[in-house]
Amino acid sequence: MANKRIVHVAYIVGEYPSRTESFIANEIDRIGRYVPLTLFALKGKSGTKRIVYSPSLYSIRLAACHVREFLHKPLRYVGLLVDIAMGNKGCHSLNAFYKGMYFVKTVRRSGIGHLHAHFASFPADVAIVVSRMTGVPFSISAHAHDIYTADGRLGDKIKRAAFLVTCTRYNQTYLQNMYPEYAAKIHMVYHGIVLSDWPYVPPPFNSAGPNRILFVGRLVEKKGLIYLLQSVRMLVDREFDLYVDVVGNGPLRDRLSDLCKQYDLHERVRFHGWLSQQQIRALHRQCTIIVQPSIRAADGDQDGIPNVLIEAMASGVPVVTTAISGIPELVNDQNGILVPPRNPKILADAIIRLCHDETFRERIVLNGREMACQFDMDRHIDSLYGLFRQYCAMS
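What counts as what
One numbering rule holds for all chains: residues counted from 1, following each sequence as written. Side-chain atom pairs in this predicted model are given and counted only at pLDDT of 80 or more, local residue features only at pLDDT of at least 70, and totals for whole chains, interfaces and linings cover all residues. The side-chain values count all of the structure's non-hydrogen atoms but skip hydrogen atoms and water molecules. Only protein atoms enter the 1 Å grid used here. Points where a 1.4 Å probe fits but cannot escape make up a cavity, open sets with protein on both sides within 12 Å along at least five of seven lines make up a pocket, and a residue lines them when an atom lies within 4 Å of a point. Grid points are joined across faces, edges and corners, and a volume is the space filled by probe spheres set on the points. In this description a helix means any DSSP run of H or I spanning at least four residues, a strand means any run of E spanning at least two, and both kinds are numbered starting from the N terminus. Residue polarity follows a fixed list, in which Ala, Val, Leu, Ile, Met, Phe, Trp, Tyr, Cys and Pro are nonpolar, Asp, Glu, Lys and Arg are charged, and the others, Gly among them, are polar. A pair of aromatic rings is counted whenever rings of Phe, Tyr or Trp (Trp by its six-membered ring) have centres within 6.5 Å, and the orientation is called stacked for planes under 30 degrees apart, edge-to-face for over 60 and tilted otherwise. Should the NZ of a Lys or the CZ of an Arg lie within 6 Å of a ring centre and within 35 degrees of the ring normal, that charge is described as sitting over the ring. Strand pairing requires that DSSP identify at least two bridges connecting the strands. Comment: axis = line fitted to C-alpha atoms, over the contacting stretch for helices; angle = value between 0 and 180 degrees taken between N-to-C directions.

## Considering the layout of surface pockets
- Its boundaries defined by the atoms lining it, the largest pocket holds a volume of some 930 Å³.
- What lines the largest pocket is a set of 35 residues, and nearest its centre among them are Arg19, Thr20, Glu21, Ser22 and Phe23.
- Mapped by element, the contributors of at least two residues to the lining of the largest pocket are helix 1 (22–31), helix 11 (277–286) and helix 12 (307–315).
- Here the residues of the lining of the largest pocket are counted per class, giving 14 nonpolar, 12 polar and 9 charged.

Structure, rendered in structure tokens:
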């Protein structure tokens with residue numbers, strides 16, 4: 001890392017910590033070793049010197065912040081409120097105005113010189129509010145749903161940001177095509193994983209079965225779990241002996257559980273809820289393959305590159321997934337199996353091949369580990385640090 005001095009940076013995130021966004025915690029840990037860092041969290045339980053949590057909407061402390069800022073900068077405060085009411089200058093969220101005002105005092109007192117919002121949705125709205133009140137510039141990390149289910153204001157947010165970083169080439173190309181006038185400020189940095197957390201311990205090959213399939217992810221439409229269940233039903237009908245472990249939770253939990261009963265799979269599919277990283281590593285050693293049947297949801301939402309795939313490949317677990325969004329940047333026919341989305345028959349055939357073809361399986365496991373090493377977070381944090389050096393260096 002270069003020694004060029006960086007201004008104090010504040011990360012703005014939603015809930016912290018979050019089970020489904022551990023990559024953000026890993027990034028904060030890594031980048032905080034090289035950049036003076038404070039964390040602004042919009043949801044959470046308690047604060048420390050390095051983490052500032054916004055109070056609830058009904059907090060007296062939050063109301064007091066608004067009184068203080070109105071008295072301290074009345075024209076700026078009222079002007080921002082008017083812009084929100086009128087939908088001007090990228091300001092649309094009254095909730096962000098109310099919540100974000102809590103961080104303004106910390107920005108001024110701590111000498112914070114740059115804001116970085118993780119997600120181009122509500123955290124970016126908060127960044128705009130804090131930036132408008134303090135004059136401190138901001139940047140954005142955009143991921144998946146905040147890109148593909150955006151409400152039409154994303155272009156204005158990019159316009160006002162110092163830069164935007166996204167986590168796949170697919171995302172970057174999409175955004176640059178959508179907003180060519182801002183293409184130069186749209187950058188790509190892979191999230192990656194902490195490779196040392198996922199030791200290479202390939203599960204033993206067992207062609208006799210029973211085979212265990214592992215799925216890890218939120219139980220939402222874009223994860224495509226319904227198509228895995230349809231594949232499992234087909235495989236059981238073909239007298240293929242297998243069981244499925246589902247790790248995760250979400251709004252479709254009850255619907256998917258009912259579907260298992262409808263397909264008579266309730267004794268073959270186990271819903272674990274969320275598990276710790278240590279528990280998932282244990283399941284890696286027990287499973288035959290990991291399946292990630294991602295799709296593009298009805299509202300446009302889709303995965304970027306699911307970290308569960310990188311973790312599995314790093315651990316020596318073969319993967320079957322779909323050829324959508326940024327996934328082919330990680331998985332190809334040399335290190336896994338890519339299938340078309342929403343096609344349970346082809347998915348079933350891929351599962352059989354990985355469970356029966358030992359030579360093919362050994363090859364993709366080795367190649368998968370090699371590819372996963374290229375997604376080691378420590379290889380990519382330099383690129384993110386480089387953006388902070390470029391845009392946030394002390395003058």
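Structure's up, so let's keep going.
## Describing the packing of aromatic side chains
- Counting across every chain of the model gives 11 aromatic pairs.
- Among the aromatic residues, those joined into a ring-pair cluster are Tyr11, Phe163, Phe388 and Tyr391.
- The ring of Trp198 has Arg281 sitting right over it, with the charged end atom 5.9 Å from the ring centre.
- Over the ring of Phe360 we find Arg353, and its NZ or CZ is 3.7 Å from the ring centre.

## Examining empty space enclosed by the protein
- Counted according to the given criterion, the structure contains 6 cavities of 30 Å³ or more.
- As a volume, the largest cavity reaches approximately 120 Å³.
- Every residue lining the largest cavity is counted, 14 residues in all, and those nearest its centre are Glu27, Val189, Tyr190, His191 and Leu384.
- Contributions of two or more residues to the lining of the largest cavity are made by strand 5 (138–142), strand 6 (164–166) and helix 15 (377–392).

## Observations regarding the sheet that holds strand 11 (residues 289–292)
- Read across the open sheet, the 6 strands follow the order 10-9-8-11-12-13; overall the sheet is parallel. Both outer strands of the open sheet, strand 10 (269–273) and strand 13 (337–339), are each paired with one neighbouring strand and no more. The sheet shows a mean angle of 25 degrees between the axes of neighbouring strands, taken without regard to direction.
- Pairing of strand 12 (residues 319–322) with strand 13, which is carried by 3 bridges, proceeds in the parallel orientation. From the neighbouring strand, Thr322 faces strand 13, where its bridge partner is Val339.

This is a description of form; function is not addressed.
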